[in-house]
Amino acid sequence: MTQKFFPINVEPACLSKWNWSTVILNSGSSASCHRTQRYQIDPDNFGSFHNLPEKIKARENMLNGQWPEAGCEYCKTVEDHGGVSDRKFNLSQLSNPALVPPELYNNPTATSVTPTILEIYFRNTCNMACVYCGPHHSSKWEDENRRFKKEALLDINDSFSAYQSQHNVHYDKMVADFWQWLAQDNHYKTIQRYHVLGGEPFLLKELDDSIDFWNNHGNPDLVFSVITNLNIPHDRFKSYIKKFEKLVLSNKIWKLQLTASLDCWGPVQEYVRWGLDLTLWQKNFEFLINRPWIELSINSVLSALTIKQLPLLLEKIKHWNLQQTAVAGRWRSEPILHSFNASTGEIDSLFNFGGELFKQDFEHILDMMPTDNQQQQGHHTYIQGFATKSQQSKNNADKIKKLTMYLDELDFRRKTDWRHHFPWLNQNFSV
């Protein structure tokens, strides 16, 4: 099915390198996916954001059968271990030919193309400070760093410096240029998926601007995607859902895809996703069930801190799916999609603890995961790849020590107690 739509047959060609553009307006940068290096956008040439010289070079490398660097090593490593990388997974799930940039159908070797997926990070306004996040994506992290000595964290967590606050002095100009680019030359008609991230989108005025744009530039094929922490006052959340419903029913967009971020269930999750109220999260999530024009999904970050409580979330998803009722008509009623990605931090990686620690956890998770459709089967295979790589990993005492020191610093700041939530870490690895 993959090669039917994606005309580049050379390995290791990656669909995302051609069709996906992540634009981080808060830092004035762009990337091909969340794992790859970000490159600065020329503020006087915003329209080049998808075809920056570094991106074109990476496409040329792939066409020549070479793996690019600058983040693509992640997928190569997963594949070298026999797992299913993001690259392979995305190719396996391709079922819509419109997701392929139109230039490739005329020239399969084209390296300057129009994106079909736009992933937009606006401001970092957020009401949470997740353990594996940082000030670049969270104003709550930023505020916390102002009150405490942030260098204490920088000395411990080598990867934390990648997430430092970045305030783009050209932000307002770039936002205006972004809307102009989207409107000109019918670019908005080529876009098949429009993703809004933050920060927390439901706290951003730019989400209102996005709704207004698509109301005035209708694309009945568009999937409008919002990735949210769902930690939003319920009345405010309901008012936005009504706005999206109006967009859908007036045929301005095809549907809303709402991805709720959650990694596991219980007090551990409220520790890791600091600021989260799980009761509120559940109230908002259950409000969305049985609205067939909403494609409802949950995305979980795979982290050493949450993997042991992931089965509790799988049980909740199973329960919610039983509440879904089949609906015939314009939108198909689908099971709640559960997707995954690995933590981008180095010290909370599942691969720091040796092959045996999480073996039974992965076996339990894989037994619980449904495989009733292609997407579920793909995610099951994806997790199997992580399990395989985890079992092949070696104990990294230095990174484990840094993790416990990092959590000690967070506990000092937040008056929390990681030893209570992670007894396995305290008993086996605490200094």
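Residues numbered from 1 in each chain as written. Predicted model: local features only at pLDDT ≥ 70, side-chain atom pairs only at ≥ 80, totals over all residues. Heavy atoms only, no water.

Asker: Give a description of the environment of serine 32 that names residues and reports values.
Answerer: Following the sequence through the fold, serine 32 ends up in the loop between strand E2 (29-31) and strand E3 (39-40). What makes serine 32 buried here is its relative accessible area of 4%. Taking C-alpha positions, serine 32 is 6.1 Å from serine 16, a pair spaced 16 residues apart along the chain. The contact partners of serine 32, leaving out residues within four places of it in the chain, are Ser16, Lys17, Trp20, Thr22 and Lys55. (Helix = DSSP H or I, 4+ residues; strand = E, 2+ residues; numbered from the N terminus. Buried < 20%, exposed > 50% of the residue type's maximum accessible area, 1.4 Å probe, protein only. Contact = heavy atoms within 4.5 Å.)

Asker: Tell me about the pairing of strand E8 (residues 255-261), residues and numbers included.
Answerer: With 7 of 7 residues buried, E8 lies mostly within the body of the structure. Side chains Lys255, Gln257, Thr259 and Ser261 project from E8 onto one buried face, and the interleaved Leu256, Leu258 and Ala260 project onto a second face that is buried too. In this sheet, E8 lies alongside strand E7 (residues 223-228) in parallel orientation, the contact comprising 6 bridges. Bridging across to E8, valine 223 finds its partner in lysine 255. The β-α-β motif built from E7, the intervening helix H12 (residues 234-249) and the parallel element E8 has right-handed crossover chirality. Relative to strand E10 (residues 294-302), E8 is paired through 6 bridges, and the arrangement is parallel. Residue threonine 259 lies in a different strand from E10, and its bridge partner there is serine 297. (Pairing = 2+ DSSP bridges. Right-handed = clockwise from strand over helix to strand, strands pointing away.)

Asker: Provide a residue-level description of the nonpolar core, including the pertinent values.
Answerer: Core analysis: the biggest nonpolar cluster contains 102 residues, and Tyr194, Leu258 and Trp281 have the highest contact counts within it. Of all the elements, helix H9 (residues 171-183) adds the most residues to this core, at 7 residues. Ignoring anything within four residues of it in the chain, the contact list for tryptophan 281 reads Asn229, Leu230, Ala260, Ser261, Leu262, Trp265, Leu276, Ile298 and Trp320. Core analysis: the second largest hydrophobic core is formed by 18 residues, Ala13, Trp18, Cys72 and Ile117 among them. (Core = buried A, V, L, I, M, F, W, Y, C linked by side-chain atoms within 4.5 Å.)

Asker: Which residues make up the sheet that holds E8, and what values go with them?
Answerer: Strand order across the open sheet formed by 9 strands is E3-E2-E1-E4-E6-E7-E8-E10-E11, with mixed pairing between neighbours. If you trace the sheet from one side to the other, it starts and ends with E3 and strand E11 (337-342), each paired once. The sheet contacts of helix H14 (residues 278-288) involve E8 and E10, and relative to E10 the element is tilted by about 145 degrees. Where helix H15 (residues 310-323) meets the sheet, it contacts E10 and E11, and its direction lies at approximately 170 degrees from that of E10. (Axes fitted to C-alpha atoms, helices over the stretch in contact; angles between N-to-C directions.)

Asker: Hey, could you go over unusual backbone geometry for me, with residue numbers and the actual values?
Answerer: For residues other than glycine, phi is negative in most cases, and the peptide bonds are mostly trans. Here the bond from glutamate 11 into proline 12 is cis, since omega is 5 degrees, no more than 30 degrees from zero. Checked against the element boundaries, proline 12 lands in the loop between helix H1 (2-5) and helix H2 (15-19). The peptide bond linking glycine 198 to glycine 199 adopts the cis configuration, its omega dihedral lying at 10 degrees. With respect to the helices and strands, glycine 199 occurs in the loop between strand E6 (193-197) and helix H11 (205-216).

Asker: Describe in detail the packing of aromatic side chains, supporting the description with residues and values.
Answerer: Considering all chains together, one arrives at 29 aromatic pairs under this definition. With 5.2 Å between their ring centres and 80 degrees between their planes, tyrosine 194 and phenylalanine 224 make a pair best called edge-to-face. Here phenylalanine 224 lies in strand E7 and tyrosine 194 lies in strand E6, a separation of 30 residues in the sequence. On the basis of relative accessible area, tyrosine 194 is assigned to the buried category, the value being 0%. (Phe/Tyr/Trp six-rings, centres within 6.5 Å; stacked < 30°, edge-to-face > 60°.)

Asker: I'd like a description of the pattern of salt bridges, backed by residues and values.
Answerer: According to the stated counting rule, one finds 19 salt bridges in the structure shown. Ionic pairing is found between aspartate 209 and lysine 205, a salt bridge with its closest N-O pair at 3.4 Å. Taken together, the residues aspartate 209 and lysine 205, both in helix H11 and 4 residues apart, mark about one turn of the helix. The salt bridge partner of arginine 419 is aspartate 408, with a shortest N-O separation of 2.9 Å. In this pair, arginine 419 sits in helix H19 (residues 418-421) while aspartate 408 sits in helix H18 (residues 397-414), placing the two residues 11 residues apart along the sequence. When its relative accessible area of 30% is taken as the criterion, arginine 419 is described as partly exposed. Each of Glu144, Glu409, Arg413 and Arg414 takes part in salt bridges that share partners, so that together they form one network. (Salt bridge = Lys/Arg side-chain N within 4 Å of Asp/Glu carboxyl O.)

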